[in-house]
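Residue-level listing of the chains:
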Amino acid sequence: MTKNVYLNHDAGVDDLVSLFLLTQMEDIQLTGVSVIPADGYLEPGTDASRKIIDRFCSYPVEVAKSNSRAANPFPAEWRMHTFVVDALPILNESGKMETPLSDLFAHKHLIETLKKTKEKTTLLFTGPLTDLARALDEAPEIEDKIEKLVWMGGTFQEMGNVEEPEHDGTAEWNAFWDPYAVQRVWASGLKIDMVALESTKQVPLTLEVRNKWASERKYEGVDFLGQCYAAVPPLVHMETNSTYYLWDVLTTASVGREDLVSSKVVKSTVIAEGPSQGRTTQLDEGREVNVVYDVKADDFFSYIIELAKKIS
Ligand code: AGV
Ligand code: CA
């Protein structure tokens, strides 16, 4: 059966690769895309999304821009990656952008798209949850139209991936960008799959992964993967603050192939203020989330290559 999926992403390299892979999944119907300028910039993020849909998607999908703002912004150095993907020749060959741009802001576009889609929709959020929190505030009735939320974010490990002054390092970045939005979504009745750092840690960008893509670059889609990930640093000798994992791509793959990941139910709460802001913790009185904590990494990498090879 075909699954309706609405993607809200934040214009990082793995966000844009996620959009590309979604367009290749057979049982997935993308109902809409919106872009929030968190780990990337809005204009190139929106343009790159429209160009990816133009080039790779066989049916029309509308793109919307967010006007949401950060509690804690991402470093500009990371956000610059959006410009690289948007400028790739493969996305600019036609010299046109035909995918329609909505005149609604992302949260309103989300509400409208959910309402006009007949069946329920799976929400895939690969950045902060701000647009969803705003949509729920404005139209709480949309909960009935949402199958579930699949979110890349959070961790229950001791250390997250935020290394910023005045923070203790326990949060994951998408939660840290807007912890209040995570609280709002946690307060909803939605079913939540949380693809936490526990699982994404198992899929780093390595030289081996890169070389594999390079060796199969005769496939246009595999070449596109390699070109996108050329903009970001791999894991070589040890992890640094900039080391890239396939965070969002794993999250996206888990929507297309649920068997790739293992999850468990955790009761959780979110800290919104102080040095641990954005930290997700376990709490017996907390809300239930389904935490993806493990992945069949080899099968995951094979799956994304297989999807990318569908482009000839
Ligand atoms: O925390 C992971 C999230 C994912 O949605 N993002 C990157 C992915 O798109 C933020 C992030 C954490 N560490 C990063 C990040 C890094 N080293 N470079 C770029 N973004
Ligand atoms: Ca992201």
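Before reading further, recall that the structure is shown in the block above.
We now turn to the structure provided with this report. Predicted model, so just to flag it, every value in this text is computed and none were measured.

### Structural notes on the side chain of Ser18
Phase 1: With respect to the helices, strands and loops of the structure, Ser18 is situated in helix 1 (residues 13-24).
Phase 2: The exposure class of Ser18 is buried, given its relative accessible area of 0%.
Phase 3: Of the polar contacts made by the side chain of Ser18, one reaches the backbone oxygen of Asp14; its length is 2.6 Å.
Phase 4: In this structure, Ser18 is in contact with Asp248, Val249 and Thr252, ignoring residues within four places of it in sequence.

### What to know about the coordination of the calcium ion (ligand 2)
Reference values for coordination geometry: four tetrahedral donors around a metal ideally subtend 109.5 degrees, six octahedral donors ideally subtend 90 or 180 degrees.
Phase 1: Within the protein, the atoms that donate to the calcium ion (ligand 2) are Asp10 (OD), Asp15 (OD), Asp15 (OD), Thr126 (O) and Asp248 (OD), at distances of 2.3 to 2.6 Å.
Phase 2: Taken in chain order, the donor set of the calcium ion (ligand 2) reads D-x4-D-x110-T-x121-D. Of the two residues, Asp10 is situated in the loop between strand 1 (3-9) and helix 1 and Thr126 in the loop between strand 5 (121-125) and helix 7 (130-138); the sequence distance between them amounts to 116 residues. In terms of burial, Asp10 and Thr126 fall into one category: buried.

### Quick notes on the nonpolar core
Phase 1: One finds Phe20, Trp213, Phe224, Tyr229, Leu246 and Phe300 to be the most contacted residues of the largest nonpolar core, which totals 63 residues.
Phase 2: The contacts of Tyr229, once residues within four sequence positions are left out, are Val13, Asp14, Val17, Leu205, Arg210, Trp213, Tyr244, Leu246 and Val249.
Phase 3: Judged by nonpolar contacts, the second largest core, of 30 residues, contains Leu129, Ile146, Phe156 and Trp186.

### Structural notes on the packing of aromatic side chains
Phase 1: Tallied over the full model, the rule gives 14 aromatic pairs.
Phase 2: Ring centres of Phe74 and Trp78 lie 6.3 Å apart, and the angle between their planes is 50°; on these two criteria the pair is classed as tilted. Residue Phe74 shares its accessibility class with Trp78, and that shared class is buried.
Phase 3: Centroid distance Phe74 to Trp173: 4.4 Å. Interplanar angle 25°. Geometry classified as stacked. Note that Phe74 is positioned in the loop between strand 3 (63-65) and helix 3 (76-79) and Trp173 in helix 8 (residues 173-177), a separation of 99 residues in sequence.
Phase 4: Owing to a relative accessible area of 7%, Phe74 belongs among the buried residues under this scheme.
Phase 5: By the ring-pair criterion, three or more aromatic residues cluster together here, those being Trp213, Tyr229, Tyr244, Tyr245 and Trp247.
Phase 6: Between the NZ or CZ atom of Arg79 and the centre of the ring of Tyr41, over which it lies, the distance is 3.9 Å.
Phase 7: Lying over the aromatic face of Tyr303, Arg257 brings its terminal NZ or CZ to 5.2 Å of the ring centre.

Thresholds applied
- Residues numbered from 1 in each chain as written.
- Chains lettered and ligands numbered in written order.
- Predicted model: local features only at pLDDT ≥ 70, side-chain atom pairs only at ≥ 80, totals over all residues.
- Heavy atoms only, no water.
- Helix = DSSP H or I, 4+ residues; strand = E, 2+ residues; numbered from the N terminus.
- Buried < 20%, exposed > 50% of the residue type's maximum accessible area, 1.4 Å probe, protein only.
- Polar contact = N/O pair within 3.5 Å; in protein donor to acceptor, adjacent residues only side chain to side chain.
- Contact = heavy atoms within 4.5 Å.
- Donors = N, O, S within 2.8 Å, 3.2 Å for Na, K, Ca; no water.
- Core = buried A, V, L, I, M, F, W, Y, C linked by side-chain atoms within 4.5 Å.
- Phe/Tyr/Trp six-rings, centres within 6.5 Å; stacked < 30°, edge-to-face > 60°.
- Lys NZ or Arg CZ within 6 Å of the ring centre and 35° of its normal.

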